[in-house]
Amino acid sequence: MYETIRRPEKSGRENIIYELLKNQMLNLELKPGEMLSENSLAAQMNTGRSLVRDALAQLMEEGYVVVYPQRGTEVSLISRSRVRQAVQTHIVLEQAAIREICETGLSGEQQRQLADILTVQRENRSKEGIMDFIIRERDFYHLLMEFGGRELVWELFQRMECDLRRLDYLRYTTFNYQEHMSSLSSSDNSMVEGRLLLDKLKCRETEAACLVCSNHFNTVLWSFDTLRGIYPQYFAE
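About the thresholds
Residues numbered from 1 in each chain as written. Predicted model: local features only at pLDDT ≥ 70, side-chain atom pairs only at ≥ 80, totals over all residues. Heavy atoms only, no water. Phe/Tyr/Trp six-rings, centres within 6.5 Å; stacked < 30°, edge-to-face > 60°. Helix = DSSP H or I, 4+ residues; strand = E, 2+ residues; numbered from the N terminus. Buried < 20%, exposed > 50% of the residue type's maximum accessible area, 1.4 Å probe, protein only. Lys NZ or Arg CZ within 6 Å of the ring centre and 35° of its normal. Axes fitted to C-alpha atoms, helices over the stretch in contact; angles between N-to-C directions. Parallel < 35°, antiparallel > 145°, perpendicular 65-115°, else oblique. Left-handed = near helix turned anticlockwise from the far one by under 90°. Contact = heavy atoms within 4.5 Å. Nonpolar A, V, L, I, M, F, W, Y, C, P; charged D, E, K, R; others polar.

Notes on the packing of aromatic side chains
How two aromatic rings sit relative to each other is set out by the distance from centre to centre and by the angle between their planes.
Then step 1. Evaluation of the coordinates by the stated rule reveals six aromatic pairs.
Then step 2. On the numbers, 5.2 Å between centres and 65° between planes, the contact of Tyr141 with Phe217 is edge-to-face. With Tyr141 in helix 6 (residues 130-147) and Phe217 in helix 10 (residues 206-222), this pair connects stretches of sequence that are 76 residues apart. Note on accessibility: Tyr141 and Phe217 belong to one class, buried.
Then step 3. Connected via pairs of aromatic rings, a cluster forms that spans Phe140, Tyr141 and Phe217.
Then step 4. In this structure, Arg71 packs its charged tip against the face of Tyr68, placed 4.7 Å from the ring centre.

Examining the environment of Leu211
Then step 1. Here Leu211 is to be found in helix 10.
Then step 2. Linking Leu211 and Gln95, residues 116 residues apart in sequence, is a C-alpha distance of 8.7 Å.

What to know about the packing of helix 6 against helix 9 (residues 186-202)
Then step 1. Contact pair helix 6 / helix 9: the axes reach a minimum separation of 12 Å and the direction vectors enclose 20°. Here helix 9 runs roughly parallel to helix 6, going by the angle between their axes. The interaxial crossing formed by helix 6 with helix 9 has left-handed handedness. Listed contacts from helix 9 to Phe133, Glu137, Phe140, Tyr141 and Leu144 of helix 6 are Ser187, Ser190, Met191, Gly194, Leu197, Leu198 and Leu201.
Then step 2. The residue inventory of the contact of helix 6 with helix 9, partitioned by class, reads eight nonpolar, three polar and one charged.

Here it is, written out as structure tokens:
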């Protein structure tokens, strides 16, 4: 799931503050370029400044915020370079897991777990449920990494993909509509990709499964310029 990886030293109230702030940045309640005040955040969350400061420090390590001397803390702008690096890393490592899966095969239970995620995802494709939809999508790929013997790689993804995840949210909320009855929205297309990928894994068709995977992540990168044109204030130059 989205937040299955936890730092061992983070627990209790401190971790809750970190998760709340992170989710607000992922769904753009806290927008790229927005200045943050420790005092205001502490008051809103009914907690101490030290906990907010610690949470912001961790978010800075993951790229969600930038601290400017004499100016303060700002939610980071979305960078093409960071998105591209995250996409390329995902493709290389996800395809390695897919090749392993196709070689060993999926068990019946593993197939069921992946299919169950796709079923739940289909129920959360409305704009109101888009964060749940994205969480299920990440669950699906997280399981692929686990089944392909690459579960430790997931922590690497968590530490480098903040821009990719925010771009995903923008993509799904912006393009989650159909121009006509026969067209697919972004969420519809993602579900088709998920079902197709699962089918190819079941049949152990390695190259076809790898192609579906690379297309899924490249689609996010291909939408970058369009989304930057719609939301220029959210993007770095």
